[in-house]
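What follows is each chain in one-letter form.
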Amino acid sequence: MVSLSNHEVRDNALPRHQRARGIGRIGTQVHGGRTRLDTLFQEGCAKIRLPHGPGAALQAVLINTAGGLTGGDDVRWEAEAAPGARLVLTTQACERVYRSLGDDAKVTNRLTVGAGAHVDWLPQETILFENGRLDRRLDVDLAADATLFAIEAVLLGREAMGEAARGARLHDRWRIRRAGRLIHAEDTALTGEAAERDGLSTLAGAGAFASMLLVAPDAERQLARIRTMIEGHLDASAGASLVGERLLVRATAKSGLALRRLIAPIIAKLSGAGTLPRLWHL
């Protein structure tokens, strides 16, 4: 006869919630002037699809088949652009981060960009539901002459449901390295403090925000044009700054629709493909 301690009985009585796990990995090669698939790995809820499109770039669509994220989920995406490659990474739809029972949903993104290559990191918006928790990381390793354009946009709650998601939590970290040297680092955190959401120096009541980063030798040429593009929006605002080869744009808006109207032309202007991915079109 086997006896169980009180601690073991309590543990066995607790419900075991299913958690999503996924790893998606893609590698490229250049053949005949076009970027083509070299390696593809998919595991769990992470799937990658490769729609045909014009131009020399390869477009990869990242899909979380779990239909969203919740506490304890863990999804990892990895992409490698071969020397001279052109790669566009986007998502099938907005990622939804649902209410958590206490744990963070974790998303880890890692990009490796070879010599003379360019990557556009263009996931659609992330929607934080009330009490959603997300811990996300973007790590990029650029070769000495590689270039990058990246965006992350966040919507705070479902506008149609009247949600503000003031109990949502977010920790978003970017680390960009050039030939092994750290050239850009930033952390974005929402902890539920009122000052973060309402302060004039933070979100000032905005329901959506985005960060966009171009790393390229000619970033300075784009600054004046981008500053002209962000002027005159009634329900959104943005600022652009330049440090060396890095052009950084921050945007906030009252709603997700207002944010997209602001950032969509900027994406088309700064992306290597010179256009929005087809899935971004409303």
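1. Quick look at unusual backbone geometry
Argument step 1. With a phi close to 65°, Asn131 is a non-glycine residue in the positive phi region.
Argument step 2. Within the secondary structure, Asn131 sits in the loop between strand 10 (126–128) and strand 11 (133–142).
Argument step 3. Residues other than glycine seldom take positive phi values, yet Ala165 does so here, at roughly 50°.
Argument step 4. Note that Ala165 resides in the loop between strand 12 (147–156) and strand 13 (169–178).

2. Topic: the side chain of Thr91
Argument step 1. Looking at the secondary structure, you find Thr91 in strand 6 (residues 86–91).
Argument step 2. In this structure the side chain of Thr91 is engaged in a polar contact, spanning 3.1 Å, whose partner is the backbone oxygen of Ala93.
Argument step 3. When neighbours within four sequence positions are excluded, Thr91 is seen to be in contact with Val61, Leu62, Leu122, Pro123, Gln124 and Leu279.

3. What to know about the side chain of Asn109
Argument step 1. Locating Asn109 in the fold gives a position in strand 8 (residues 105–113).
Argument step 2. By relative accessible area, which is 2% here, Asn109 ends up buried.

4. Re the packing of aromatic side chains
Argument step 1. Applying the stated criterion across every chain yields a total of one aromatic pair.
Argument step 2. Summarising the aromatic geometry, the rings of Tyr98 and Phe129 are spaced 4.8 Å apart at their centres and angled 65° between planes, so their arrangement reads as edge-to-face. Taken together, the residues Tyr98 in the loop between strand 7 (95–97) and strand 8 and Phe129 in the loop between strand 10 and strand 11 connect sequence positions 31 residues apart.
Argument step 3. Using a relative accessible area of 31% as the deciding quantity, one classes Tyr98 as partly exposed.
Argument step 4. For Phe129, a relative accessible area of 10% corresponds to the buried category.

Calculation notes
Residues numbered from 1 in each chain as written. Predicted model: local features only at pLDDT ≥ 70, side-chain atom pairs only at ≥ 80, totals over all residues. Heavy atoms only, no water. Helix = DSSP H or I, 4+ residues; strand = E, 2+ residues; numbered from the N terminus. Polar contact = N/O pair within 3.5 Å; in protein donor to acceptor, adjacent residues only side chain to side chain. Contact = heavy atoms within 4.5 Å. Buried < 20%, exposed > 50% of the residue type's maximum accessible area, 1.4 Å probe, protein only. Phe/Tyr/Trp six-rings, centres within 6.5 Å; stacked < 30°, edge-to-face > 60°.

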